[in-house]
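Each chain, written out:
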Amino acid sequence: MEALLSPFEETAPPAKYASLEKSFSSYCNEHVPLESPRELRRREELLAELKRVFKQWVRDVCVAKGLTSDLANDAGGKVYTSGSYRLRVHEPGADIDSVCVAPKHCTREDFFSSLKETLEQ
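The shown structure was predicted, so the numbers you read here are calculated from the model rather than taken from an experiment. (Residues numbered from 1 in each chain as written. Predicted model: local features only at pLDDT ≥ 70, side-chain atom pairs only at ≥ 80, totals over all residues. Heavy atoms only, no water.)

Caption draft 1: Structural context of the packing of helix α2 (residues 37-64) against helix α5 (residues 108-120). Close contact between α2 and α5 brings their axes to 11 Å; oriented N to C, the two are set at 130 degrees. The orientation of α2 with respect to α5, classified from their angle, is oblique. As for how α2 packs across α5, the hand of that crossing is right-handed. Facing α2, whose interface residues are Leu-50, Val-53, Phe-54, Trp-57 and Val-61, α5 presents Asp-110, Phe-111, Ser-114, Leu-115, Thr-118 and Leu-119. Looking at side-chain class alone, the contact of α2 with α5 contains 8 nonpolar, 2 polar and 1 charged residues. (Axes fitted to C-alpha atoms, helices over the stretch in contact; angles between N-to-C directions. Helix = DSSP H or I, 4+ residues; strand = E, 2+ residues; numbered from the N terminus. Parallel < 35°, antiparallel > 145°, perpendicular 65-115°, else oblique. Left-handed = near helix turned anticlockwise from the far one by under 90°. Contact = heavy atoms within 4.5 Å. Nonpolar A, V, L, I, M, F, W, Y, C, P; charged D, E, K, R; others polar.)

Caption draft 2: Examining the pairing of strand β1 (residues 78-82) more closely. Burial along β1 is one-sided: Val-79 and Thr-81 are buried, and none of Lys-78, Tyr-80 and Ser-82, which face the opposite way, are. As paired elements, β1 and strand β2 (residues 97-101) share 5 bridges and run antiparallel to each other. Across the sheet, Tyr-80 pairs through a bridge with Val-99, a residue of β2. (Buried < 20%, exposed > 50% of the residue type's maximum accessible area, 1.4 Å probe, protein only. Pairing = 2+ DSSP bridges.)

Shown next, in the form of structure tokens:
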């Protein structure tokens, strides 16, 4: 698979970056609270449930719009994380920024009506 963008730099980082990274890691270890393995596992479970609900919603919308069951199953629907959670620098209790990507059959109106209702349930 070809990358969309080529790297802007392919040379190794300067040697001073290693000491800066060590200093930054030391600071984070001392001042940034970490979540427990149990809390991290709970986040992963919540994201898995969000992905399951979103994919089912995409399937339901596609079927409601006349797609066959096979096409609806293959329609997709992806959930991506972003922000501090994706960078693994979130603090305990922080939100998880998520981006839901649906196929063209799922409109903005569907998203803000039926998906909202599904998530509220």
